[in-house]
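A closer look at the structure
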Amino acid sequence: MSHHDQNRKISKKELNRSEFTVIEQFVDNVYSFSSQYGNNISISYTAPNIIGPPSKFPEYGDFPQAFAMRTYGLWWDKAPSRSIDYMPQNNPDVVSQDYIDIEYREPVYPIRVSIYELYNPGSVIAIWAQDCYGQWFQLWSGLPQIVTQQSRLFSPPLQLCNFKTKMLRLEFNHSLLDYYTELDAVSLIGTSEMMFPKDPSNKRNLSDLLQDTIYGHFNNIADHNLTPHYENPQQNINNLKVILDEYYTTYESNNLQSMLISDVEQIYHSIPPIEEGLNNMQQFLIKDLPRFVNNVEASSNEPKELCGNFSILSIETILKILKKLDLKSLYRISRVNKYFYNLALDPLLYTSLNLKPYWHSFNARTLHNLSLRCKYLRRLDLSWCGNHGMFSATSIKEFLIECGSLLTHLRLNCCKNVDDSTIYQISVTCKNLKELCLRNCQSIQDKGFEYLENLEFLERLDFYRTSIKTETLCKILQKNRWLRHLNVVGTFQDNINIDIVAMELGRSCPNLESIDFWKAQTLTALGINALAACKNLREVDFSWCGNTSGHGETLVKLFSCCQFLEKIFLATFRGLTDRDLKGLTQCKHLKQLDLLGALSLTPEICYEILSSCPKLELMDLSFCDNINNFYIEKLRQEYPHVAIKRIMDYH
Amino acid sequence: MQSIYWTGRLLSRALWNGIASYSTSCSSDQQPNAVVASSSRRREASLISAVCGFPKELVRSRIRKGQFGDDAWFTAKFRTAEVIGVADGVGGWRHYGIDPGEFSNFLMRTCERLVSMGKFRPTEPAGLLARSYYELLENKQPILGSSTACVIVLNKETSSIYAANIGDSGFVVVRRGEVVHRSSEQQHYFNTPFQLSLPPPGHSNMVLRDSPESADTSSFGVEDGDVILLATDGVFDNVPDQLLVTEMQKIEGERDPTKIQCVANTIAWMARRLAFDDAFMSPFAQSARENGIDAIGGKPDDITVLLATVAI
């Protein structure tokens, strides 16, 4: 193509230059999320804090105005209440532990997503965008990062996205965090029109280009961050507009025709000319197709021959090998030939299913398809699946009727469409259920929970952020004497009286091992006293329940009765005294201890606990005003194997 | 003279910036800390407000937006509601090493956030105070202390006011030179107002604690031109009613934020001057005499004046 020709084209596009706009917006609404540090009825540390422009950034530190989640580091994976994935081979290299779905007002073609990280940055591992049909597309994924302790504007390079989006999902992995991460805001910068490079030979997308321009300036590739210098984000956007203007143009419909005629050849020069294509087709029809047909026939006649050495192995061994495969691979091998198809259908391969990693692609059809293979299904994790219209409550119900009779473990965390009728189905079909996790299932009404009274073998119940009521819960507890783990965090305060629940636990559940009452303000000394009857308790989380005054002998009694305690969280028991904690020296198994905000504790009791609990690994002494930083340093030096946490006052 | 110059400069700067809420401070001389907040919309009621105030001890006090000494205030909007509020931290906590300003400031800042997030019912100002108080308990860093508080919500669509008051801060509404509405003072006994408090652990029995639900609530309609004064006891204890009404009368129906600011400044100055006047028979001294205490002179205190006119 002549030089003159090229010039003309650019000038033609120059005319359309002003027809796109760059839009920067902040979160308009939180659609859903998996966990939050704060309480439902509060605004401190809750998910809605991510809405709107940043309020604290670029300050660094712990702020109630931020969005924080419930976990950090590996501590929760080490606690007695940890839950283990059923089919770990399905997981990608990094497991997503939490997510938040955020909505914007104006749909755009995304160019940049910037996350305002206020405290302990580095746990964002994926960004997804949803199109107008509800389909998800991954814009970016990466590893969790260890970064310096300062606020960070994190803008990872994005995949080219060819649809408009106004719903994003952020996924988190907290395993490398030193303490809770906190987010201030998330901005979405996008264009009103789809952008194409002016120079058709430039195949790289916008993010690459941005990356080049940034790294050209700062030489900082380590964190994959397009905005390593947040001082002037506005400047960044202006730069961006300039870059867009310089290198990119919109995909105009009136432009389309001329593009098709003159440019297609140039843009897609990898497409062969039409004559070549015809020749190839002819070749395929004459030579390859008959051979392929022959092969197919041969495979159906003599399956064993085609499987090579694999068929030498006994069927048990083969199944053992196949059991190690993830679901995607199992589906793929069934396409190899009839032999493998039959192998991959074996219901014994589908006894434990973890579908959470496939939340973005699992729909009613795939669920139905799967139900044909799951005759012996025992453990099912459908968490995060089915939202945004992927499948309905009816689909889950049908699946349960088909394959639910042997289920012992069922996780339906964050499934918005699990409702009363689903719970009814569970209570009828899954009589042997031992584990039932219904975190964030907010469509279930009290009537639905009542159906669970039909179950008798439950060992683990997770009602995080559901609307279960005291009476219903107590009836369930009375029926399930084998209960070992209970989580009733974030249940709606008006619905539940934790003291009554605790007393029921003390009466009915002698095998109780872990109890999570985080931020349950109705817990008083009465409830804690009753729990002392559960001698096997290994984990108690009473954090933020300590606003009631006076603990008397309560904690002393609990610690002396429950000698197996490994994890004790007592954050914001403001009035906690040394005397209350004396009993801890008897808990030789103690591994994790949270004493955040205990105002009058002295360094002496900390020494005592540290020296008499040899297994101690974690101790949170944030806002223990009586223990100054000097002592904290000393403790850290003397007990280097214990992670002693303290929120520094950066303000 | 100099103060007028300063105020004028601050105001012109505020106007230049043309933003809804503007605040600045000058610590060295006795300059009023001035803030202009304005808004107007046709047919819907709105508040045009100005703030002025002084910390009791000008030299030692911290200067922060929304605070005068241990007093704190806020203005905020959400959809059809405009909310203004003041709080007065109880100074006695200073003896326990607790900064009384932290508590009142937290209370007001949280009200501000709750309103701008829409997490309140415009008809339940006491509920707003209650939620704000509840957030104190959700703070990792304990904020101890106690405070009086008064919050006014204007429903723009119905032109009605919903108010909640705990303690001796309060409001006065003046229409055609008459006081048409005022908050009633809530006291346990003389000079001991109702208060929201979060005592140190183990001290709950020794500290006066009133629940947010015990707030005195009222609701009434407002008319175009009404003048609302929302202030802490530093004003009401030192400036006699008649003086307040005379000043407020001057800006009935006024929509120019500068003029409202001037009157707010005057009231704050008046309160400041009378507070330090040893010979003045202040409303506080009168009240003391009624309680059998022989007293005279003003009551030096933090002063916060939030003055607003209603424009419909």
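Residues numbered from 1 in each chain as written. Chains lettered and ligands numbered in written order. Predicted model: local features only at pLDDT ≥ 70, side-chain atom pairs only at ≥ 80, totals over all residues. Heavy atoms only, no water.

1. Concerning the overall build of chain B
- On a plain count of helices and strands, chain B comes out with 7 helices and 16 strands.
- Taken over 312 residues, chain B has a buried fraction of 59%.
- When the accessible surface of chain B is totalled, it reaches about 12900 Å², and 50% of it is carbon and sulfur. (Helix = DSSP H or I, 4+ residues; strand = E, 2+ residues; numbered from the N terminus. Buried < 20%, exposed > 50% of the residue type's maximum accessible area, 1.4 Å probe, protein only. Areas by Shrake-Rupley, 256 points an atom, 1.4 Å probe, with all protein chains shown as cover.)

2. A look at the overall build of chain A
- Within chain A, the secondary structure is distributed over 21 helices and 23 strands.
- The burial tally for chain A puts 55% of its 651 residues in the buried class.
- Within chain A, counting contacts between residues at least 6 apart in sequence, those at least 24 apart form 78% of the total.
- When the accessible area of chain A is evaluated, it comes to approximately 28600 Å², of which 53% is carbon and sulfur surface. (Contact = heavy atoms within 4.5 Å.)

3. With respect to the nonpolar core
All names here are of chain A.
- One finds F463, L486, L505, F517, L531 and F542 to be the most contacted residues of the largest nonpolar core, which totals 116 residues.
- The element best represented in this core is helix α20 (residues 603–612), accounting for 5 residues.
- Shared between two domains, this core takes at least three residues from each, and those domains are domain 1 (22–263) and domain 2 (497–650).
- When residues no more than four places from it in sequence are discounted, the contact partners of F463 are L438, F449, L452, I468, L473, I476, L486, N487, V488, V489 and T491. (Core = buried A, V, L, I, M, F, W, Y, C linked by side-chain atoms within 4.5 Å. Domains from an automatic or database assignment.)

4. As for the confidence of the model for chain B
Residue and element names in this part refer to chain B.
- Considering every residue of chain B, the mean pLDDT works out to 81; 84% of them sit at 70 or more.
- Model confidence for chain B, summarised as mean pLDDT per element, is weakest for strand β1 (residues 21–23) at 36 and strongest for strand β15 (residues 227–231) at 93.
- Considering only residues more than four positions removed or in separate chains, one finds that residues 1–41, a stretch of pLDDT under 50, has 79 contacts.
- ipTM for the predicted complex: 0.78, alongside a pTM of 0.84. (pLDDT = per-residue confidence, 0-100.)

5. Thoughts on the sheet that holds strand β12 (residues 352–354) of chain A
Residue and element names in this part refer to chain A.
- Taking strand neighbours across the sheet as the criterion, the 12 strands line up as β12-β13-β14-β15-β16-β17-β18-β19-β20-β21-β22-β23 in an open arrangement whose pairing is parallel. Two strands bound the open sheet, and with one partner strand each, they are β12 and β23 (643–645). Across the sheet, the axes of successive neighbouring strands diverge by a mean angle of 5°, strand direction being ignored.
- Alignment of strand β15 (residues 435–437) against strand β16 (residues 460–462), held across 3 bridges, turns out to be parallel. Of the residues in β16, the one forming a bridge with L436 is L461. (Pairing = 2+ DSSP bridges. Axes fitted to C-alpha atoms, helices over the stretch in contact; angles between N-to-C directions.)

6. Digging into a nonpolar patch on the surface
- A grouping of A:M281, A:F284, A:L285, A:I286, A:L289, A:F292, A:V293 and A:V296 is seen on the molecular surface, where their side chains present a nonpolar patch of about 740 Å² in accessible area.
- Among the secondary structure elements, A:F292 is positioned in helix α6 (residues 274–301). (Patch = residues over 30% accessible without salt bridge, like charges linked within 9 Å, V, L, I, M, F, W, Y side chains within 5 Å. Salt bridge = Lys/Arg side-chain N within 4 Å of Asp/Glu carboxyl O.)

7. A short note on the domain arrangement of chain A
All names here are of chain A.
- Domain boundaries assigned for chain A yield domain 1 (22–263) and domain 2 (497–650).
- At the junction of the two partners, domain 1 supplies 19 residues and domain 2 supplies 22 residues.
- Together domain 1 and domain 2 conceal approximately 1900 Å² of surface at their shared face, both sides included; 52% is due to carbon and sulfur atoms.
- Contact with domain 2 buries area across many residues of domain 1, yet Y37, W75 and P80 alone supply 32% of it, more than any other trio. (Buried area = accessible area lost by both parts, 1.4 Å probe.)

8. A look at the interface of chain B and chain A
- With 17 residues of chain B at the contact, the number on the chain A side is 25 residues.
- Carbon and sulfur atoms supply 54% of the area that chain B and chain A bury against each other, a total of about 1900 Å² over both sides.
- The three residues of chain B that bury the most area against chain A are B:R113, B:E138 and B:K140, which together make up 40% of that side's buried surface.
- One salt bridge connects B:K140 with A:D62, and the closest N-O pair in it is separated by 2.8 Å.
- Viewed at the interface, chain A and chain B are joined by 12 residue pairs in polar contact (both at pLDDT 80 or more).
- At the level of secondary structure, the elements contributing two or more residues to the side of chain B that touches chain A comprise α2 (100–116) and α3 (125–137) of chain B.
- Here the side of chain B that touches chain A takes 4 residues from α3(B), the largest share from any one element.
- Considering only residue class, the side of chain B that touches chain A consists of 7 nonpolar, 4 polar and 6 charged. (Polar contact = N/O pair within 3.5 Å; in protein donor to acceptor, adjacent residues only side chain to side chain. Nonpolar A, V, L, I, M, F, W, Y, C, P; charged D, E, K, R; others polar.)

9. A look at the packing of helix α15 (residues 470–479) of chain A against helix α16 (residues 498–508) of chain A
Residues and elements named next belong to chain A.
- Packing of α15 against α16 leaves a shortest axis separation of 9 Å and a crossing angle of 10°. In terms of orientation, α15 and α16 fall into the roughly parallel class. Contacts between α15 and α16 involve T470, L473, C474, L477 and Q478 from the former and I500, V501, E504, L505 and S508 from the latter.
- The class makeup of the residues in the contact of α15 with α16 is 6 nonpolar, 3 polar and 1 charged. (Parallel < 35°, antiparallel > 145°, perpendicular 65-115°, else oblique.)

10. So, the pairing of strand β8 (residues 160–166) of chain B
Residue and element names in this part refer to chain B.
- Within β8, 7 of the 7 residues are buried, leaving the element largely enclosed by the surrounding structure.
- Taking every second residue as pointing to the same face, both faces of β8 are buried, with S160, Y162, A164 and I166 on one and I161, A163 and N165 on the other.
- Where strand β7 (residues 145–155) and β8 come together, 7 bridges link them in antiparallel fashion. If you follow V151 over to β8, its bridge partner there is A164.

11. Structural notes on the packing of α2(B) against α3(B)
Residues and elements named next belong to chain B.
- Where α2 meets α3, the axes come as close as 9 Å, and the angle between the chain directions of the two elements is 120°. The orientation of α2 relative to α3 falls into the category oblique. For the crossing formed where α2 meets α3, the hand is right-handed. Every residue of α3 that contacts α2 at F103, F106, L107, T110, C111, L114 and V115 is listed here: L128, L129, R131, S132, Y133, E135 and L136. (Left-handed = near helix turned anticlockwise from the far one by under 90°.)

12. As for the side chain of A:R152
Residues and elements named next belong to chain A.
- Looking at the element boundaries, R152 is found in strand β7 (residues 152–154).
- Judged by relative accessible area, R152 falls into the buried class, the value being 8%.
- In terms of polar contacts, R152 uses its side chain to reach the side chain of E117, at 2.7 Å.
- One polar contact links R152 to Q145, side chain to side chain, over a distance of 2.7 Å.

13. Concerning helix α8 (residues 315–322) of chain A
Residue and element names in this part refer to chain A.
- The set of residues buried in α8 consists of I318, L319 and L322. Within α8, the buried residues cover an arc of 100° as seen down the axis, which keeps them to one side. Opposite the buried face of α8, at more than 90 degrees from it, the exposed residues are E316 and K320. (Arc of directions from axis to C-beta.)

14. Some details on the packing of aromatic side chains
Residue and element names in this part refer to chain A.
- The full count for this structure, using the stated rule, is 28 aromatic pairs over all chains.
- On the numbers, 5.5 Å between centres and 70° between planes, the contact of Y72 with W76 is edge-to-face.
- Given the relative accessible area of 2%, Y72 is considered buried.
- Overall, the relative accessible area of 15% leaves W76 in the buried class.
- Ring geometry for Y339 against F340: centres 5.4 Å apart, planes inclined by 75°, an arrangement best described as edge-to-face. Like Y339, the residue F340 is buried in the burial classification.
- When the ring centre of F154 is taken as origin, the NZ or CZ atom of R152, which lies over that ring, is 4.1 Å away.
- The cationic tip of R169 hangs over the ring face of W136; the distance from NZ or CZ to the ring centre is 5.6 Å. (Phe/Tyr/Trp six-rings, centres within 6.5 Å; stacked < 30°, edge-to-face > 60°. Lys NZ or Arg CZ within 6 Å of the ring centre and 35° of its normal.)

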